[in-house]
Every structure is written in structure tokens, then in C-alpha cells.
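Remarks on the overall topology
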Amino acid sequence: MKIYFHLCLEDFTNCYIVVNDDPSVKEAIIIDPGEISEEMINQIEGGGYKLSACLITHNHKNHVAGLETLMRIYEPKIYAADSEVVGMKCELIHGDGKMKLAGLDVDFFSVPGHSPDSMVYKIGNVLFTGDTLFAGSIGETSSQYSAKLLRNNINAKLLSQTDGLVLMPGHGPPSTLEAEREFNIDMN
């Protein structure tokens, strides 16, 4: 598995392309396509990957704005906690579960609080957290109740994971699970 990071400069959102470079598979997953750049297309095409899936961490425009462009070029299945994102039908996922995409095991966790449809994806030893958990903070919420719900969900579903996990957030730099347990000011 390889992960390619892309910063969408317009809204400073992170997008990730996860590839299974096993020669018998050669498939890719894109997570939160805030924009689709020529560089991203070149990575997919240049690597000879089939883009088989698109994972949405939450349905906020700055994380899905590139979806329309993506769907003009490729035909991945879109997975989200909403049945529709920017007018496109999605494979609806809810709760916590597992699926196999691009030959990779993908765990998903419903972590509402930042938004009702917030999902976190675990692929290998990496958590793609969207706007749920950042390096040193948690996602913005609209109320005290939502903030408490988000903290409880992060504690129960993310910080309870085993050590050694890398966090790839929707904004900002990557982090580790150990660093967030110890230093995240919004969780202490």
C-alpha cells in the first residue's frame, strides 16, 4: 500500500490517494476529493491504477468539490454516510464496519459531532480522520452537545485503537495516535 497526499490550496483541505500496488490488483482509492488536479490524474494513470472507490469522510463542500470532475473521468463507487453527495448517488455506509476495496481491508467508524455524517476510515495502520481529529485538536462543532458527542466518539472509537497508527486528517499535518492521546488539547 502507498499513500499519496494532495493539498487542495483553495480551501487547504487534504486529499489522499491510497494505492494497492500489488501487480495482480493495481487499484486505487481516493479519500475526500476536494479538487482533482492534473498531478492526481497523472499519479493514477502513470501508475496504471484503476480508481475503484472514493471515500467521503463528511459531506462538506471543501472536501467533495472535486467529485464532479472525478466522476467525469473515472467510475469509482462513492462510499459515504449520505446517500447522495453533490447530486451523486453513494453506497450508503453507517455505523461501524468493514469492507474490502481495491484489494485492501477498510474499516469504517461513524464519529458524529463535527457533522452528523462524519466517518473515519482505517486502512492498514492509517486512520483517515477527515474533520473529526486533527494534530492537536478536534473538529469544530455547532454546540456543547456536539462537542461532547465528538469527544466521546473519538475516545471510544479512535483513541482506543492500538498504538502505531498514523492519523491523516482533513486539514493540517499528519499525526500519530500516541501523540493525540498525550498532547491533543481538545481531548484533555
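A short tour of the structure in this document, coming up. Quantities reported herein were computed from a predicted structural model and do not represent experimental measurements. (Residues numbered from 1 in each chain as written. Predicted model: local features only at pLDDT ≥ 70, side-chain atom pairs only at ≥ 80, totals over all residues. Heavy atoms only, no water.)

Focus on a nonpolar patch on the surface
Side chains of F5, L7, L9 and F12 sit close together on the surface and give an oily, nonpolar patch of about 410 Å² of accessible area. Assignment of secondary structure puts F5 in strand 1 (residues 2-8). (Patch = residues over 30% accessible without salt bridge, like charges linked within 9 Å, V, L, I, M, F, W, Y side chains within 5 Å. Areas by Shrake-Rupley, 256 points an atom, 1.4 Å probe, with all protein chains shown as cover. Salt bridge = Lys/Arg side-chain N within 4 Å of Asp/Glu carboxyl O. Helix = DSSP H or I, 4+ residues; strand = E, 2+ residues; numbered from the N terminus.)

Overview of the pattern of salt bridges
This structure, assessed with the given rule, holds 6 salt bridges. Linking K2 and D21 is a salt bridge whose minimum nitrogen-to-oxygen distance equals 3.7 Å. Placement of K2 in strand 1 and of D21 in the loop between strand 2 (13-20) and strand 3 (27-31) is noted, with a sequence separation of 19 residues between them. For the salt bridge of R181 with D163, the shortest nitrogen-to-oxygen distance reads 2.3 Å. Residue R181 is found in helix 5 (residues 177-183), and its partner D163 is found in the loop between helix 4 (144-158) and strand 15 (166-169); the two are separated by 18 residues along the sequence. Residue classification places D163 among the exposed residues on the basis of a relative accessible area of 52%. (Buried < 20%, exposed > 50% of the residue type's maximum accessible area, 1.4 Å probe, protein only.)

As for the state of the cysteines
Applying the stated criterion to the full structure yields 0 disulfides. Of the cysteine sulfurs around C15, a residue in no disulfide, the closest is that of C8, at 5.4 Å. The structure places no disulfide on C90, whose sulfur is separated from the nearest cysteine sulfur, that of C54, by 8.0 Å. Given the relative accessible area of 12%, C90 is considered buried. (Disulfide = S-S within 2.5 Å.)

Quick word on the sheet that holds strand 11 (residues 119-123)
What the 6 strands build is an open sheet, ordered 9-10-11-12-15-16; its pairing is mixed. Since the sheet does not close on itself, it has two edges, and those belong to strand 9 (97-101) and strand 16 (175-176), each with one partner. Here 3 bridges tie strand 11 to strand 12 (residues 126-130), and the two strands are oriented antiparallel to one another. When the sheet's bridge partners are listed, Y121 is paired in strand 12 with F128. (Pairing = 2+ DSSP bridges.)

A few points about the nonpolar core
Of all hydrophobic cores here, the largest spans 22 residues; its most connected members are I17, I30, L51, C54, L67, L70 and I78. Elements represented by at least two residues in this core include exactly strand 2, strand 3, helix 1 (38-46), strand 4 (50-55), helix 3 (67-73) and strand 5 (77-80). Broken down by element, the residue count for this core peaks at 3 residues, all from strand 2. In contact with I78, other than residues within four places in its own chain, are C54, I56, L67, M71, M88, K89, C90 and E91. Counting 20 residues, the second largest nonpolar core, distinct from the first, contains Y16, L55, L104 and M168. (Core = buried A, V, L, I, M, F, W, Y, C linked by side-chain atoms within 4.5 Å. Contact = heavy atoms within 4.5 Å.)

Some details on the side chain of S115
Considering the arrangement of structural elements, one finds S115 in the loop between strand 10 (104-110) and strand 11. The class for S115 is buried, based on a relative accessible area of 5%. Separated by 2.8 Å, the side chains of S115 and D117 make a polar contact. A polar side-chain atom of S115 sits 2.8 Å from a polar atom in the side chain of S118. Filtering out sequence-adjacent residues up to four positions away, S115 remains in contact with H58 and H60. (Polar contact = N/O pair within 3.5 Å; in protein donor to acceptor, adjacent residues only side chain to side chain.)

Observations concerning the pairing of strand 3
Within strand 3, 4 of the 5 residues are buried, leaving the element largely enclosed by the surrounding structure. For strand 2 and strand 3, the ladder comprises 5 bridges, and the chain directions are antiparallel. Bridge pairing in strand 3 links V19 to A28. The pairing of strand 3 with strand 4 spans 5 bridges and is parallel. Along strand 4, the bridge assignment pairs A28 with L51.

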